[in-house]
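Single-letter residue listing:
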Amino acid sequence: MEKLIALYEQWRGNEPEHVERLAGAGSNRVYYRLTDTSGHSVIGVIGTSIEENRAFVYLSAHFRSRKLNVPEVLAISTDESRYLQTDLGDTSLFDALRNGRETDGHYSPAEEQLLIKTIAELPRLQIEGTKNLDYSQCYPQAAFDKTTVLFDLNYFKYCFLKAVDVDFNELRLQADFENFAADLTAEPMDAFLYRDFQARNIMINTKGELQFIDFQGGRRGPIYYDLASFLWQASAKYSFKLRKRLIFEYYNQLKHYTEPPTKHHFVARLSLFVLFRLLQVLGAYGFRGYFERKPHFLRSIPPAIANLRDLLADGKRWYGYDYLLEILGKIAALPAFAQLPQQTATNATSEVSKDPSLVVRIFSFSYKKGIPEDTSGNGGGYVFDCRSIHNPGRYEPYKKLTGLDEPVIRFLEDDGEILTFLESVYALASVHVERYLARGFSDLMFSFGCTGGQHRSVYCAQHLAQYLHEHYGITILLEHREQGIRREL
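Keep in mind that this is a model prediction, so the values were computed, not measured.

Conventions used here
- Residues numbered from 1 in each chain as written.
- Predicted model: local features only at pLDDT ≥ 70, side-chain atom pairs only at ≥ 80, totals over all residues.
- Heavy atoms only, no water.
- Salt bridge = Lys/Arg side-chain N within 4 Å of Asp/Glu carboxyl O.
- Buried < 20%, exposed > 50% of the residue type's maximum accessible area, 1.4 Å probe, protein only.
- pLDDT = per-residue confidence, 0-100.
- Helix = DSSP H or I, 4+ residues; strand = E, 2+ residues; numbered from the N terminus.
- Contact = heavy atoms within 4.5 Å.
- Expected span 1.5 Å × (residues − 1).
- 1 Å grid on protein atoms, 1.4 Å probe; cavity = no way out; pocket = protein on both sides within 12 Å on 5 of 7 lines; lining within 4 Å.
- Points joined across faces, edges and corners; volume = space filled by probe spheres on them.
- Nonpolar A, V, L, I, M, F, W, Y, C, P; charged D, E, K, R; others polar.
- Axes fitted to C-alpha atoms, helices over the stretch in contact; angles between N-to-C directions.
- Parallel < 35°, antiparallel > 145°, perpendicular 65-115°, else oblique.
- Pairing = 2+ DSSP bridges.

## Quick word on the pattern of salt bridges
- As enumerated under the stated definition, the model contains 25 salt bridges in all.
- The partner of Asp-79 in a salt bridge is Arg-82, with the nearest N and O atoms 3.9 Å apart.
- We classify Asp-79 as partly exposed; its relative accessible area is 38%.
- Across the pair Glu-178 and Lys-146 runs a salt bridge, and its minimum N-O distance is 3.2 Å.

## Digging into the confidence of the model for the protein chain
- Scored by pLDDT, the protein chain has a mean of 89; 93% of the residues are at 70 or more.
- Per-element mean pLDDT across the protein chain ranges from 39 in helix 13 (residues 340–352) up to 98 in strand 4 (residues 73–76).
- The model gives residues 336–356 a pLDDT under 50, and that stretch makes 31 contacts with residues more than four places away or in other chains.

## Quick look at helix 5 (residues 109–130)
- Helix length check: helix 5 (22 residues) gives 32 Å between terminal C-alpha atoms against 32 Å at 1.5 Å per residue, within 8%.
- Taken across its 22 residues, helix 5 has 16 buried, putting it largely inside the fold.
- Asn-132 lies just past helix 5 and shows a positive phi near 60°.

## Comments concerning empty space enclosed by the protein
- Considering all chains together, one arrives at 1 cavity of 30 Å³ or more under this definition.
- Estimates place the volume of the largest cavity at around 120 Å³.
- For the largest cavity, the full set of lining residues is Phe-94, Leu-97, Arg-101, Tyr-107, Gln-198, Ala-199, Arg-200, Phe-230, Gln-233, Ser-235, Ala-236 and Tyr-238.

## Comments concerning the layout of surface pockets
- Its boundaries defined by the atoms lining it, the second largest pocket holds a volume of some 640 Å³.
- Lining the second largest pocket are 24 residues, and of these Trp-232, Phe-240, Arg-243, Lys-244 and Ile-247 lie nearest its centre.
- Looking at the lining of the second largest pocket, the elements with two or more residues in it are helix 9 (240–254), helix 10 (263–291) and helix 11 (295–313).
- Taken together, the residues of the lining of the second largest pocket break down into 14 nonpolar, 3 polar and 7 charged.

## Observations regarding the packing of helix 14 (residues 406–415) against helix 16 (residues 456–472)
- One can describe the packing of helix 14 onto helix 16 by two numbers: an axis separation of 11 Å at closest approach and a directional angle of 85°. Looking at the two axes, helix 14 sits roughly perpendicular to helix 16. For the pair helix 14 and helix 16, the contacting residues are Ile-409, Leu-412 and Glu-413 in the first and Arg-456, Tyr-459 and His-463 in the second.
- Here the residues of the contact of helix 14 with helix 16 sort into 3 nonpolar, 1 polar and 2 charged.

## Things to note about the sheet that holds strand 2 (residues 29–35)
- Strands sit in the order 1-2-3-5-4 across an open sheet of 5 strands; the sheet is antiparallel. Looking at strand neighbours, the two that pair on one side only are strand 1 (18–21) and strand 4, the edges of this open sheet. Neighbouring strand axes in the sheet, compared pairwise and without regard to direction, differ in orientation by 25° on average.
- Pairing between strand 4 and strand 5 (residues 82–86): 3 bridges, direction antiparallel. The residue bridging Ile-76 from the neighbouring strand is Tyr-83, located in strand 5.
- Contacts from helix 1 (residues 2–12) reach strand 1, strand 2, strand 3 (41–47), strand 4 and strand 5, with the element oriented near 55° to strand 5.
- Running at roughly 140° to strand 4, helix 2 (residues 50–65) makes contact with strand 2, strand 3, strand 4 and strand 5 of the sheet.

Dropping the structure here:
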């Protein structure tokens, strides 16, 4: 905090008269409003992820150069962990639409005009924003791709499907996931994908102008993702008629910036991305609600299921995913679904309170020397292949280092692939640990392999061990086999 005030003083020439911490910050960012004696204020940001800070600073400057309405970064600390940006006020689009949400989707004419104004700005952000943008500056990755789609689909499978005890054939479902991911990523990647385009990330200034924030997770991608995210936000409760009007507005505005696809193709592809976004949302709500037991996410599940029911009832067919649609039909048909999340969370809480005698063994290894043996007698556990991740061992400065050394850690995290990879690993591991604790099992094994068992696998094993130890307080036996390192957490 003192360093943020020092940055303000360096920029402004004097200390702020008043400092106020703002609510609603992201998980690794804290926001403050710093005000001088004349009443002029700026927003101070403290972010623990330097790469994320850099992405925001770069994108902000780029978007402003394209005349897009985003905050200006005014000053940055030398270590890039703190920065100052223009203050866009306290009123978000989410706040301005409160009445419509609270009246079960009965939006007033003024609220509808705000929504039309917002959706008309989206194609400008997407198409103008992508011009001359250096996507290598994006964090944690440069583009929407099949790997991350499959991560999200598996997140849905393990954090939602398994949590609500819907039976499924893993191989058949995975085959549909592969087809689904291929179709999603076959679309042109010629737009800036905001990734978190939602009402909370749109501010309304005193002149009534829309200003866009929290775009630091953006990347190259297709036009449909952000539109689907915004219009099928579970809590918004947009009517079919209003959604249709907003889609029509978006399509007409898109013509001002690029040659749009045919209406038939546009509607078909949008439906595909709506389905994908619903699965993403259910996976996230499942993890945050069932396993982290956060009430807000539990309450969000029934509206998301209602959106899924509406989509399935629309009569659309997505060829190539018949089994996936069969599973989704089972979810939509679950009885009294509105009560299910609360009951499930209560049961999970009571079951996990049993004696946590579970021991988790985590290995890093080289595929050249074989997968680690399971000495528990259970026949093995999870094995994750890290060889698709960018390998620091290919470069001379890192050849004698390991995934425990700071230069290698910085290389892997700056690249970003390994962070996305681990997000899905954490979700999967959390589900399994929760179930094993609830059922009183004593042994679970995770192994990470790469070419030499030195860089990528060591990093992943180390970080999963720390994650599980911090979140569950269970015993972790960690072994970096090729490095001869054994630890107990």
